[in-house]
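Here is what each chain is made of, one letter per residue.
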Amino acid sequence: MIHAVETREAVLALVKSGATYTNIQKVYPVPKSTISTWVKNEGVPKDRTRQLEHLKIARGKALVAIHANKNARRDAARLSAKESLSNLALDDVSIQKSLLAMLYWAEGTKGEKACALTFVNTDPLLVELYISLLRNCYTIDEKRLHIRLHLGHWHDQGEVIAFWSELLKVPKSQ
């Protein structure tokens, strides 16, 4: 489409005054690509402030969209998992052993030098599930069950030990 010279000059004047392409389009029905070409051909210096402001807005919108998509995928996965679990006989020991094996495969030690059954995770619910399945599926010597905690200087050691001891039903001495 061919635009009048007056339209082109008016658009370029608006660009030079700092107007956004979106605002210019409200006044003149010119595609953004055409405005961009006119600006490039005219050699109008780019307004970095306007570009940075646009990027800030675009990044904010992108972040919202990314989070929304992530939440939608997570919700769909949860729904799918609930539907799959509803079809399982979770009181069946063979099913529990399968779940235990999957947890161990994901979070347990796997090496020739492993001399103990080790499970590493910081999610209390996952660790509790692992210990519960281990107890349900096998007869274990509770005295040989030890919990190793890696604490930072900011942790209250007594509080953390009490939390894990109570959650996992393992004496504090272990």
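Calculation notes
- Going along each chain's sequence as written, the residues are numbered from 1 onward.
- Reporting of local features is limited, given that this is a predicted model, to residues whose pLDDT is at least 70; pairs of side-chain atoms are given and counted only at 80 or more, and all residues count toward the totals for whole chains, interfaces and linings.
- To obtain the side-chain values, all non-hydrogen atoms of the structure were included, while hydrogens and water were left out.
- Side-chain atoms within 4.5 Å are what join buried Ala, Val, Leu, Ile, Met, Phe, Trp, Tyr and Cys residues into a set we call a nonpolar core.
- Think of it in three bands: residues with accessible area under 20% of the maximum for their type are buried, residues over 50% are exposed, and the middle band is partly exposed, with areas taken using a 1.4 Å probe on protein chains only.
- Each helix is a run of H or I in the DSSP string that is no shorter than four residues. Each strand is a run of E no shorter than two, and both are numbered from the N terminus.
- Working rule for contacts: check all heavy atoms of both residues, and any pair within 4.5 Å makes them a contact.
- When a carboxyl oxygen of Asp or Glu is within 4 Å of a side-chain nitrogen of Lys or Arg, the pair counts as a salt bridge.
- To obtain each axis, a line is fitted to C-alpha atoms, and for helices this fit is confined to the stretch in contact; angles are then taken between N-to-C directions over 0 to 180 degrees.
- Any angle that falls under 35 degrees is termed roughly parallel, while one over 145 is termed roughly antiparallel, one within 65 to 115 roughly perpendicular, and all others oblique.
- The handedness criterion is simple: a crossing whose near helix is rotated anticlockwise from the far helix by less than a right angle is left-handed, and one whose near helix is rotated clockwise is right-handed.
- Residue classes follow a fixed rule: Ala, Val, Leu, Ile, Met, Phe, Trp, Tyr, Cys and Pro count as nonpolar, while Asp, Glu, Lys and Arg count as charged, and any other residue, Gly among them, counts as polar.
- Expected helix span is computed as 1.5 Å times (number of residues minus one).
- Nonpolar side chains (Val, Leu, Ile, Met, Phe, Trp, Tyr) are joined into patches within 5 Å and like charges within 9 Å, using only residues with over 30% relative accessible area and no salt bridge.
- Only the protein chains shown count as cover for residues, with accessible areas throughout obtained via the Shrake-Rupley method and a probe of 1.4 Å.

**Q** Sorry if this is basic, but what is going on with the nonpolar core here?
**A** The nonpolar side chains of a soluble globular protein tend to be buried with one another. By size, the foremost hydrophobic cluster in this structure holds 15 residues, and its most contacted members are Leu100, Val127, Tyr130, Ile131, Trp164 and Leu168. Every element with two or more residues in this core is listed here: helix 5 (93–107), helix 6 (124–137) and helix 7 (157–168). When residues of this core are assigned to their parent elements, the largest contribution, 6 residues, is made by helix 6. Once residues lying within four places of it in the same chain are set aside, the contact partners of Leu168 are Val127, Glu128, Ile131, Arg135 and Ile147.

**Q** Help me out: how do you make sense of the pattern of salt bridges in this one?
**A** Two side chains that carry opposite charge are able to pair once their charged atoms sit near each other. Taken as a whole and judged by the stated rule, the model has 3 salt bridges. Between Asp75 and Arg74 there is a salt bridge, with its nearest N and O atoms 3.4 Å apart. Where Arg135 meets Glu142, a salt bridge forms, and the shortest distance between an N and an O atom there is 2.9 Å. Note on Arg135: relative accessible area 24%, which makes it partly exposed. Judged by relative accessible area, Glu142 falls into the partly exposed class, the value being 33%.

**Q** Honestly, unusual backbone geometry in this entry has me stumped. Any pointers?
**A** Glycine aside, residues mostly have negative phi, and peptide bonds are mostly found in the trans state. Although it is not a glycine, Lys169 adopts a positive phi angle of roughly 55°. Note on Lys169: relative accessible area 62%, which makes it exposed.

**Q** Quick question: what am I supposed to make of the packing of helix 1 (residues 5–16) against helix 3 (residues 32–42) here?
**A** Helices that pack against each other are described as a pair by the angle of their axes relative to one another and the distance between those axes. At a closest axis distance of 10 Å, the pairing of helix 1 and helix 3 adopts a crossing angle of 80°. Judged by the angle between their axes, helix 1 and helix 3 are roughly perpendicular. Within the contact between the two elements, helix 1 uses Thr7, Arg8, Val11, Leu12 and Val15 and helix 3 uses Ile35, Trp38, Val39, Asn41 and Glu42.

**Q** Looking at this structure, I do not really get the packing of helix 6 against helix 7. What am I missing?
**A** Two numbers describe how helix 6 lies on helix 7: the axes approach to 10 Å, and their chain directions differ by 40°. It follows that helix 6 is oblique to helix 7 by the angle criterion. For the pair helix 6 and helix 7, the crossing hand works out as right-handed. Where helix 6 abuts helix 7, its residues Pro124, Val127, Glu128, Ile131 and Arg135 lie against Phe163, Trp164, Leu167 and Leu168. In terms of residue class, the contact of helix 6 with helix 7 is made up of 7 nonpolar, no polar and 2 charged.

**Q** Explain helix 1 here, please?
**A** Along an α-helix, residues three or four apart share an orientation, since each turn contains 3.6 residues. With 12 residues, helix 1 should reach 16 Å at 1.5 Å per residue; the first-to-last C-alpha distance of 16 Å fits that figure. Among the residues making up helix 1, those that are buried are Thr7, Ala10, Val11, Leu12 and Val15. Turning to helix 1, the residues buried within the fold contact helix 2 (21–27), helix 3 and helix 4 (48–86). Phi for Gly18, located one or two positions after helix 1, is positive at around 105°.

**Q** Could you clarify how one ought to interpret the environment of Thr49 in this entry?
**A** Mapped onto the elements of the fold, Thr49 is located in helix 4. Considered as a pair, Thr49 and Ala4 are 45 residues apart in the sequence and their alpha carbons are 29 Å apart.

**Q** How should a nonpolar patch on the surface be read in this particular structure?
**A** On the surface, Leu85, Leu88 and Leu90 cluster together into a nonpolar patch covering about 240 Å² of accessible area. In this fold, Leu88 is placed in the loop between helix 4 and helix 5. The partly exposed category is assigned to Leu88, whose relative accessible area is 36%.

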